[in-house]
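Coordinate analysis (summary)
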Amino acid sequence: MRNLSTAQSNILSLPYRSTHMRVLIDRGSSDWVDMSTLEGWNWIQGVEYADTQDNAVSTATIHLYTQQGEVIETTNVGLSLSPLVGGKINASGVVVDVGNPIKIDTATLSPEELPASGDWVNVFHGIIDEVEIGEDVLTVHARNNAGVLVDTFIESLNTYGTEAGRAVEDVIQDILTAHATSTTYLYSVNGDDSALPGSAFAGGDSPGFNIIPYSLEQTDIMSAIRQLAQLVGADITYKYHAATSAFHLQWLLPSRGKAAVGALTFSGQPSATQKVTINGVDQTAIASGAGANQFNIGADFYETAKNLTDCINASTSSLYGTCSAAVSSTGATAIVYVIWGTIGTAGNSITFTETMSNVAIDGGGVLGATVAGTAGPTSVNYTFGPEDYTAVQAATRTRYDVRNVLEGAFVKSGSDEIQTIKVLDTTSITNYGRRYAKITAGSTNQIDTVTEMIQLLIRVLSDLREPTLIHTLEVPYFWAAEPYDLYAFTANGVHYDSTQTLTLHEVRHRLSRDSAVTTLSCRSMQ
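The sections below set out a description of the structure shown in this document. On a predicted model such as this, the values are computed, not experimentally measured, just so you know.

Quick notes on the pairing of strand β33 (residues 486–489)
Neither face of β33 is open: one carries L486 and A488, the other Y487 and F489, and all of them are buried. Examined bridge by bridge, strand β27 (residues 382–384) and β33 share three bridges and lie parallel to one another. Looking across to β33, one finds that Y382 is bridged to Y487. Strand direction decides the pairing type here: β33 and strand β34 (residues 500–512), joined by four bridges, are antiparallel. Residue pairing in the sheet places A488 in a bridge with T501 of β34.

Digging into the pattern of salt bridges
Once the charged atoms of two side chains with opposite charge are near each other, the side chains can pair. Inspection of the entire model under this criterion finds 14 salt bridges. A salt bridge links E482 to K239, with the nearest nitrogen and oxygen atoms 3.3 Å apart. With E482 in the loop between β32 (468–476) and β33 and K239 in strand β17 (residues 235–241), this residue pair connects regions lying 243 residues apart in the sequence. We note that E482, like K239, is buried. With its nearest N and O atoms 3.4 Å apart, the salt bridge here joins D310 to K306. In this pair, D310 and K306 are both assigned in helix α5 (residues 301–313), four residues apart and thus about one turn of the helix distant. Under the relative-accessibility criterion, K306 is labelled partly exposed at 35%. Put simply, D129, R143 and D151 are held in one network by salt bridges that share partners.

Thoughts on the side chain of S188
Among the structural elements, S188 can be located in the loop between β14 (186–187) and β15 (210–211). Classification of S188 as buried rests on a relative accessible area of 1%. With residues near it in sequence (within four places) discarded, S188 still touches A200, F201, A202, D205 and H241.

What to know about unusual backbone geometry
A cis amide bond links L196 to the next residue, P197, at an omega of 5°. Along the polypeptide, P197 turns up in the loop between β14 and β15. Its identity as a non-glycine residue notwithstanding, E39 has a phi of 55°, on the positive side. Checked against the element boundaries, E39 lands in the loop between β2 (32–34) and β3 (44–52).

Focus on the sheet that holds strand β26 (residues 359–361)
Spatial strand order, β23-β24-β19-β26: four strands in an open sheet with antiparallel pairing. Every interior strand has two partners, whereas the edge strands, β23 (323–329) and β26, have only one. Shown here is a sheet whose adjacent strand axes are inclined to one another by a mean of 20°, direction ignored. Relative to strand β24 (residues 334–343), strand β19 (residues 259–266) is paired through seven bridges, and the arrangement is antiparallel.

What about the packing of aromatic side chains?
What describes a pair of aromatic rings is the distance from one ring centre to the other and the angle between the planes of the rings. Inspection of the entire model under this criterion finds eleven aromatic pairs. With 6.1 Å between their ring centres and 15° between their planes, Y238 and F247 make a pair best called stacked. Taken individually, Y238 and F247 each receive the classification buried, so the pair is uniform in this respect. The interplanar angle of 90° and the centroid separation of 6.4 Å between the aromatic rings of Y487 and F489 together place this pair among those described as edge-to-face. Y487 sits in the buried class, given a relative accessible area of 0%. An aromatic cluster of at least three residues, connected via ring pairs, comprises Y382, F384, Y389, F478, Y487 and F489. The lysine or arginine in question, R2, covers the ring of Y240, its NZ or CZ lying 3.7 Å from the ring centre. Its end group placed over the ring of W32, K103 keeps NZ or CZ at 4.3 Å from the ring centre.

Quick notes on the rules
Residues numbered from 1 in each chain as written. Predicted model: local features only at pLDDT ≥ 70, side-chain atom pairs only at ≥ 80, totals over all residues. Heavy atoms only, no water. Buried < 20%, exposed > 50% of the residue type's maximum accessible area, 1.4 Å probe, protein only. Helix = DSSP H or I, 4+ residues; strand = E, 2+ residues; numbered from the N terminus. Pairing = 2+ DSSP bridges. Salt bridge = Lys/Arg side-chain N within 4 Å of Asp/Glu carboxyl O. Contact = heavy atoms within 4.5 Å. Axes fitted to C-alpha atoms, helices over the stretch in contact; angles between N-to-C directions. Phe/Tyr/Trp six-rings, centres within 6.5 Å; stacked < 30°, edge-to-face > 60°. Lys NZ or Arg CZ within 6 Å of the ring centre and 35° of its normal.

These figures come from the coordinates and say nothing about function on their own.
Quick look at the structure:
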């Protein structure tokens, strides 16, 4: 959500408030024309603008009166905005024309208060794509500056990434530098302008995901960079950047719930009868002939680690359906990752101990040292009371897309071997039945390690494990809203009787000379 000053927050809490709008258009060389005061007239009939998680490009539609003053026959003695009419307004450059930069500013104040210069907030910054010339109204369609990246096609095949692995954010910047038609930087939430380009993406915001060499196919820039972000469950969008007080292309990794993960590192062989204990269930090493809750000591420690993994995942295991396991080898060691079967903090208290020689366990006797289980986002950006929202257009709860057992298949780095990993959420399985999906990463995919696949599967599981509550309603104009915000809606006694915490999926604003409303389309938080 856009940051609010104390004064702005106080205004938004008022039951009645006034909203003012202005539209500025650059007719060339940063010659910004204010359409609310041009030649002493307010040309603005109304504006609409929207943003959604589904699209990195936000859109705006602006309705302007075609003319002011008086038109006599074919001689314009008044004032016309039409790009096809010369005269006083367009004498030094056509104002309303395709390709011109455009901004929307609003000021939300107490009733009867008029905006001062410091009250205006820039809520949209983009480029005019289309102008409809009506008899009385010009309708202007615009997209924000991410639209330029959608329109710019990468025409030649290129190779990106390095053998050692190059940070995904650096590869994205490489693509922008090589193909964007103007200087464009990818910002993280804590990035700044102090030493561009490096300072735009703060090191502490890195997802820690590296890209090995791959051939970038011919596509538009936005698709190319969003595909890279989606490898780690992230997104790229063009939005207001608080640290630099400007609109920028930004990396966005939504907060999600996580399952607790622990790790056993094999550097050699254990001995027979030694064991690992998970949630009070022993998995015991034996020389041969393993049965339920037992695993054979293999020809080498990697084979032993794999046997332990298979033991945990076996349907005959007492752990079946409560957790899952995956094995990875670095050559010098083999690592067994144990993934608890519920998203949330419960896994952090699950017993996780071992008595095996040549095996090290992380944590202090419980799962969660490799990845701590979390319940997901808890910091609500804004709370709407029952008197703050009206016109509930939809409140739908659906389980169609619920998935609570996810299997991931990938080709292991440096080999042709296909490895599969499974994660699950037992609470969701109990509530909605077992609902399976599979994610396959081909041989050219960047996901080629156990840890990368586990990370992706847990993020997808967090998104899909619960039914979606789709909630669409209207509130008085709320300019600070941004997709992925977390809102609380207190009960109104009609649609629900307890506070609902929902994530903003799409926001639409409609402003005219006598009204200003915002439509929020929210979905349940996972």
